[in-house]
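# Secondary and tertiary structure notes
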Amino acid sequence: MGIKFDDNSVDASGVRDRRGRGGAAAIGGGGVGIVGLVIYVLISVLGGGSGVDPSLLFPSDGSVQSQADDSGDLATRCNTEGAIERDDDCYLVKVYNEINEVWTADFTGQGETYERPALTFFESAVSTGGCGRASSQVGPFYCPGDRSIYIDIGFLAQLQQEFGAAGRYAQAYILAHEAGHHLQTLLGTEQEMRDAQRSSKKDANALSVAFELQADCYAGVWSRLADDAGNVSVGEAEVKQAQAAAAAVGDDRIQEKSTGRVDPESWTHGSAAQREKWFTTGRSSGDLDACNTFA
Ligand SMILES: [Zn+2]
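Structure report, in brief. Only a predicted model underlies this, so the values are computations on that prediction, with no experimental measurement involved. Along each chain, numbering runs from 1 in the same order as the chain's sequence is written. Local features are withheld for residues below a pLDDT of 70 in this predicted model, meaning they are given only at 70 or higher, and side-chain atom pairs are given and counted only at 80 or more; totals for whole chains, interfaces and linings count all residues. To obtain the side-chain values, all non-hydrogen atoms of the structure were used and water was disregarded.

Secondary structure elements are taken from DSSP: a helix is a run of H or I of four residues or more, a strand is a run of E of two residues or more, and numbering for both begins at the N terminus. Assigned secondary structure in the chain consists of twelve helices and eight strands. Under the scheme applied here, a residue whose accessible area is under 20% of the maximum for its type counts as buried, over 50% as exposed, and between as partly exposed, the area being computed with a 1.4 Å probe on protein chains only. Each of the 295 residues in the chain was classed as buried or not, and the buried ones make up 54%. Residue contacts are counted whenever heavy atoms from the two residues lie within 4.5 Å of one another. Residue pairs at least 24 apart in sequence account for 75% of intrachain contacts in the chain once pairs closer than 6 positions are excluded. For the chain, the accessible area works out to roughly 12,300 Å², and carbon and sulfur atoms hold 49% of it. Areas reported as accessible are Shrake-Rupley estimates using a 1.4 Å probe. Residue values count occlusion only from the protein chains shown.

This is the structure:
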């Protein structure tokens, strides 16, 4: 049946389109495999464990660089007939709209205010406000410093192929996972986690795993709430795509693929089974409180 949105209008406000001016990649270059670079990211940018000082990666100077916002063309193109079905960027902007709609309603229901994250599209490399310069080789990521989700769509498609995470709803899961990190920043969980990591180096990886699994669970909650609200209706096939994508980026799968060896001690995101389980927990409960992965 595919994915059905409640309407086809696309709101590109909050979207920053910086494609076509990335320049040289900050990390690596020719000859470095995708998997190796993903590992680099898992450990450094997203993980925060493994002896990497998170304060180096997420300096809290609050500096936000002003780069021009080119989302005008995007808004025009994405609001033409068939654009969401045809173009991955329009599809992602639409999912981003639905993510914001769901969390706005949920936060309002709790008497809280939701501030949406920015969504930045880039190619090859990008300067962030607070997370340094990042190469697209790091995969999609969320930067708490400027509260933006960063995605190189071309690279995302490559990753999906490499890890066997097929399907469009797999992309929705990835975006919802990054938006889950945004919720963790809004709710103060990110700061608590960084503080806890600083005070206990030996628990740093376990904390990172719990943090990542919570973002998976939040993605599942979003999937359910969006469905219930009639914003994005998905079928069993789509739920399976999201579950398969969550499993595909499990640390055990990535380690096995890249080094042929599985070392749970070094995990920062959780195993395939854990990631799939927490997405499913979120999806079945539809409740953020069901996502206490730190317990
Ligand atoms: Zn993550």
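From this point, the discussion proceeds with the structure in view.
Once that is clear, we can look at unusual backbone geometry. Backbone geometry places serine 124, a non-glycine residue, at a positive phi of 60 degrees. By the secondary structure assignment, serine 124 is in the loop between β3 (118–122) and β4 (125–127). Positive phi, close to 50 degrees, is recorded for arginine 147, a residue that is not glycine. Assignment of secondary structure puts arginine 147 in the loop between β6 (141–143) and β7 (148–151). Accessibility expressed as a relative area gives 31% for arginine 147, which makes it partly exposed.

Attention now goes to the state of the cysteines. In this description, a disulfide is simply a cysteine sulfur pair whose atoms lie within 2.5 Å. Applying the stated criterion across every chain, the model contains three disulfides. Disulfide partner of cysteine 78: cysteine 90, at an S-S distance of 2.1 Å. One disulfide, between cysteine 78 and cysteine 90, carries an S-S torsion of -80 degrees and so falls in the left-handed class. Here cysteine 78 is found in helix α3 (residues 71–78), whereas its partner cysteine 90 is found in helix α5 (residues 88–109), with twelve residues between them in sequence. The pair formed by cysteine 78 and cysteine 90 is uniform in burial state, with each residue classed as buried.

Our focus in this paragraph is the coordination of the zinc ion. Bound to the zinc ion on the protein side are His177 (NE2), His181 (NE2) and Glu212 (OE), at distances that span 2.0 to 2.1 Å. For Na, K and Ca the donor cut-off is 3.2 Å, and for all other metals it is 2.8 Å, counting N, O and S atoms only; because water is absent from this set, sites may look incomplete. For the zinc ion, the donor residues sit on a single chain with the sequence spacing H-x3-H-x30-E. Taken together, the residues histidine 177 in helix α7 (residues 168–186) and glutamate 212 in helix α9 (residues 204–228) connect sequence positions 35 residues apart. The two residues histidine 177 and glutamate 212 agree in class, both being buried.

Turning next to α3. When α3 is considered as a whole, its buried residues turn out to be Ser71, Leu74 and Cys78. An end-on view of α3 places all buried positions within 50 degrees of arc, on one side of the element. Turned more than 90 degrees away from the buried face of α3 sit Asp73 and Thr76, all of them exposed. The elements touched by buried residues of α3 are β2 (15–18), α4 (83–86), α5 and β3. By construction, the arc corresponds to the directions joining the helix axis to the C-beta atoms.

Let us look at the nonpolar core. Core analysis: the biggest nonpolar cluster contains 59 residues, and Trp103, Phe121, Ile151, Leu175 and Trp222 have the highest contact counts within it. Considering every element that reaches this core, the biggest residue donor is α5, with ten residues. Setting aside chain neighbours within four positions, we find phenylalanine 121 in contact with Val15, Arg16, Asp17, Arg18, Arg19, Leu74, Asp89, Leu92, Val93, Ile151 and Ile153. The term nonpolar core refers to a set of buried residues drawn from Ala, Val, Leu, Ile, Met, Phe, Trp, Tyr and Cys, joined through side-chain atoms within 4.5 Å.

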